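Notes for the structure review
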Amino acid sequence: MPAPPHLDARLLRAFLAVAEELHFTRAAARLYVAQQALSRDVRRLERELGAELFVRTTRQVTLTADGERLVPHARRVLDAQDALIAAFGQARPLLVDINSPGLGTGSRVLHRARELAPDIELMARYESGLTGAAAEVLAGRLDASFGRYAGLDPALRAGLDHQIVRFEPMAVVLPEDHRLAASAQVPLAELAGEEVYAGAGNPRTPEWTDLARRLFDGRGIEVAPPAPLAVGHEEFRRVMARTRTPVLAVVDFPAMPSSVLRPLVDPVPLSPVSLVWRKGLVHPGIEALRRAAAELSTAEEWLHRPAGAWIPAIDMKIVNVHN
């Protein structure tokens, strides 16, 4: 069983959980990951080692001879990693960007991570967009963020890892006297002929503008031209009253004065939200965030896709490759 030059400790942790439980479902629950993701990690480890580690039947899972041989080595590697984390990982807070106050997905994951790991200092930051945050993560000034990973420049993605957390239904913020404001939901076709603000020109959020362009393409909806970013409720109210431009958002976007939030339908567009962190980062806070994200994704069915829902093909391709 020749060892590869580099081996992701996460794969060893997946292997060891299955080796100890001899049950993929129980092992996945123990690691707070989806069973499909756990199975993928085990298969990847088997490919990298060039060895079959488990005998799988419909009734049981058992270790092969190579699997038995790997168990003590895996334990030593993971024990050493845990010792390293204990010695250095808690020396500083973990800085977690949740984009902006009031957005639910990142805030809820952060809150749950704090419950799971109360001894770890997890500090919130607000960078407004994943592209801006990703540059800070790569520079070491942030540790993690949330957003549309597929919308990042490939040069940024090369230094990052991610875990899909949610397919978040999208919505539109409308002036309270807009022609569509009385509707409980807004079919996309009803926005034909409108300009909708989606952060065009904001260097921190091009991944969001790209998502909007993909969604609007062929539907007669235009991305509104660049405009100064309205920060705070009062500025949002003032700009909305002056421009009357609908704003592309997500369903848990915080309430804003003089406006209404309406879900988009026909089809239901989904914004893929990932937890994103720097490759190679060792910190117990990252594990707490990953466990919290996996737990909430399962409990809240955040990765459910309604029939006919819309997600860009590039996003689904990257999600399927990395998770």
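Above this text sits the structure in question.
Residues numbered from 1 in each chain as written. Predicted model: local features only at pLDDT ≥ 70, side-chain atom pairs only at ≥ 80, totals over all residues. Heavy atoms only, no water.

**Concerning the environment of Ala 14**
Convention followed: Each helix is a run of DSSP H or I of at least 4 residues and each strand a run of E of at least 2, with the numbering of both proceeding from the N terminus. Contact definition: two residues touch when any of their heavy atoms are within 4.5 Å.
As for its position among the elements, Ala 14 is in helix α1 (residues 9-21). Measuring from C-alpha to C-alpha, the distance between Ala 14 and Val 42 comes to 6.5 Å, with 28 residues separating the pair along the chain. The contact partners of Ala 14, leaving out residues within four places of it in the chain, are Leu 31, Leu 38, Asp 41 and Val 42.

**What about the side chain of Glu 207?**
So the rule is basically this: Burial here depends on accessible area, computed with a 1.4 Å probe over protein chains only, as a share of the maximum for the residue type. Under 20% is buried, over 50% is exposed, and the range in between is partly exposed. Positive charges are assigned to Lys and Arg, negative charges to Asp and Glu, while His and the chain termini are left out of the count. Basic side-chain nitrogens of Lys or Arg form a salt bridge, by our definition, when they fall within 4 Å of a carboxyl oxygen of Asp or Glu.
Counting through the fold element by element, Glu 207 comes out in helix α8 (residues 206-216). Comment: no salt bridge for buried Glu 207; closest opposite-charge side chain is Arg 148, at 7.3 Å. Ignoring sequence-local partners within four residues, the contact set of Glu 207 consists of Gly 129, Leu 130, Thr 131, Arg 148, Gly 151 and Leu 152.

**Observations concerning unusual backbone geometry**
Following Asp 266, the chain continues into Pro 267 via a peptide bond in cis, with omega recorded as 0°. One can find Pro 267 in the loop between β11 (259-265) and β12 (270-278).

**Examining the packing of α1 against helix α2 (residues 24-31)**
Relative placement of two packed helices is described by the angle separating their axes and the distance separating the axes. The condition is simple: Note on method: axes are straight lines fitted to C-alpha atoms, helices fitted across the in-contact stretch only, with angles between N-to-C directions ranging 0 to 180 degrees. Working definition: roughly parallel below 35 degrees, roughly antiparallel above 145 degrees, roughly perpendicular at 65 to 115 degrees, and oblique for all remaining angles. We call a crossing left-handed when the near helix sits turned anticlockwise from the far one by less than a right angle, and right-handed when that turn is clockwise. Residues are grouped as follows: Ala, Val, Leu, Ile, Met, Phe, Trp, Tyr, Cys and Pro are nonpolar; Asp, Glu, Lys and Arg are charged; all remaining types, including Gly, are polar.
Where α1 contacts α2, the axes come no closer than 8 Å and their chain directions differ by 130°. Here α2 runs oblique to α1, going by the angle between their axes. Pair α1 / α2 crosses with right-handed handedness. Across the interface between the two elements, Arg 13, Ala 14, Ala 17, Val 18, Glu 20 and Glu 21 from α1 touch Phe 24, Arg 26, Ala 27, Arg 30 and Leu 31 from α2. Class assignment for the residues of the contact of α1 with α2 results in 6 nonpolar, no polar and 5 charged.

**Some remarks on the pairing of β11**
To be explicit about the condition: Strands were regarded as paired on the criterion that DSSP finds at least two bridges between them.
Sheet topology note: the strand β6 (residues 160-175)/β11 ladder contains 5 bridges and is antiparallel. Paired with Val 172 across the strands is Arg 262, a residue of β11. Sheet topology note: the strand β7 (residues 186-187)/β11 ladder contains 2 bridges and is parallel. Residue pairing for β11: Pro 187 is matched across the bridge by Val 265.

**Focus on the nonpolar core**
For clarity, the threshold we go by: By convention a nonpolar core is built from buried Ala, Val, Leu, Ile, Met, Phe, Trp, Tyr and Cys residues, the set being connected through side-chain atoms within 4.5 Å.
Core analysis: the biggest nonpolar cluster contains 25 residues, and Phe 15, Val 18, Leu 38, Leu 45, Leu 53, Phe 54 and Leu 70 have the highest contact counts within it. Going through the elements one at a time, α1, α2, α3 (35-49), β2 (61-63) and α4 (65-89) are the ones with two or more residues in this core. The element contributing the most residues to this core is α1, with 9 residues.

**What about the packing of aromatic side chains?**
Our working rule: In this analysis, rings of Phe, Tyr and Trp, with Trp reduced to its six-membered ring, are considered paired at centre separations within 6.5 Å, and the interplanar angle assigns stacked below 30 degrees, edge-to-face beyond 60, and tilted for intermediate values. Definition used: whenever NZ (Lys) or CZ (Arg) falls within 6 Å of the ring centre and also within 35 degrees of the ring normal, the charge is taken to sit over that ring.
According to the stated counting rule, one finds 2 aromatic pairs in the structure shown. On the basis of an interplanar angle of 45° and a centroid distance of 5.5 Å, the ring pair of Phe 15 and Phe 54 is categorised as tilted. Residue Phe 15 is located in helix α1, and its partner Phe 54 is located in strand β1 (residues 54-56); the two are separated by 39 residues in the primary sequence. Residue Phe 15 is classed as buried on the basis of its relative accessible area of 0%. Plain terms: the ring middles of Phe 24 and Phe 54 are 6.1 Å apart, the flat faces sit at 70° to each other, and that makes the pair edge-to-face. Linking Phe 24 in helix α2 with Phe 54 in strand β1, this pair joins segments that are 30 residues apart in sequence. Phe 54 carries the same exposure label as Phe 24, and that label is buried. Aromatic ring contacts, followed pair by pair, group Phe 15, Phe 24 and Phe 54 into a single cluster. Looking at Arg 157, its charged tip hangs above the ring of Tyr 149, at a distance of 6.0 Å from the centre.

Function cannot be inferred from these measures alone, as they are strictly geometric.
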